[in-house]
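Okay, here's what each chain looks like letter by letter:
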Amino acid sequence: MEGYRRGLAVAGRPEIRRRCSAPLSPDGGADELPDLIRAEAYSLPHVVGTCSMGPRPDDGAVVDAPGRVHGTERLSVVDASIVPNGPSGFTHIPTVMLAERLAEQLDTRL
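Anyway, here's the lowdown on the structure attached to this text. (Residues numbered from 1 in each chain as written. Predicted model: local features only at pLDDT ≥ 70, side-chain atom pairs only at ≥ 80, totals over all residues. Heavy atoms only, no water.)

Bringing the overall build of the protein chain into the picture now. Tallying secondary structure elements over the protein chain gives 4 helices and 0 strands in all. Per-residue burial over the protein chain gives 15% buried out of 110 residues. Counting only contacts in the protein chain whose residues sit at least 6 apart along the sequence, the fraction spanning at least 24 positions is 41%. Carbon and sulfur atoms make up 55% of the accessible area of the protein chain, which amounts to about 8,500 Å² in all. (Helix = DSSP H or I, 4+ residues; strand = E, 2+ residues; numbered from the N terminus. Buried < 20%, exposed > 50% of the residue type's maximum accessible area, 1.4 Å probe, protein only. Contact = heavy atoms within 4.5 Å. Areas by Shrake-Rupley, 256 points an atom, 1.4 Å probe, with all protein chains shown as cover.)

With that out of the way, let us pick up the nonpolar core. One broad rule of soluble globular proteins: the nonpolar side chains tend to lie buried together. By size, the foremost hydrophobic cluster in this structure holds 6 residues: C51, V63, V69, V77, I82 and L102. Not counting residues within four places of it along the chain, the set of residues in contact with C51 comprises V62, V63, V77, S81 and I82. (Core = buried A, V, L, I, M, F, W, Y, C linked by side-chain atoms within 4.5 Å.)

We now examine the pattern of salt bridges. Any two side chains of opposite charge can pair, given that their charged atoms come close. In this structure the tally under the stated criterion is 7 salt bridges. One network of salt bridges, in which partners are shared, links R56, D58 and D59. (Salt bridge = Lys/Arg side-chain N within 4 Å of Asp/Glu carboxyl O.)

This part covers the side chain of D64. Assignment of secondary structure puts D64 in the loop between α3 (33-40) and α4 (92-109). In this structure the side chain of D64 is engaged in a polar contact, spanning 2.7 Å, whose partner is the side chain of R68. Not counting the four nearest positions on each side in its chain, D64 is found in contact with M53, G54 and H70. (Polar contact = N/O pair within 3.5 Å; in protein donor to acceptor, adjacent residues only side chain to side chain.)

This next bit is on unusual backbone geometry. Of note in this structure, R74 is not a glycine but carries a positive phi near 60 degrees. Turning to its location among the elements, R74 is positioned in the loop between α3 and α4. Judged by its relative accessible area of 74%, R74 falls in the exposed class.

Shown next, in the form of structure tokens:
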């Protein structure tokens, strides 16, 4: 429950709330929190897709297809965070493959 509360505190920051349309906290009080966590919590051990890829930052994209961060120069993301949908297994090999491919493209842009 402490982790959930801390996550709510981070999610409640104005910088993050601007980006979210979902309600911040569940209906009900602290007494209902344990039941909510048991009913709604799930594990996602191989996090991907935390850094949206797309052509326009106005649409919520952080990077373009080659991994360049919108609004910056010479800054790219070449890890699993730009993978839009995670593989059904471990993310290690697809992440290495992605990073190697995009790193090759980085060399040509420098």
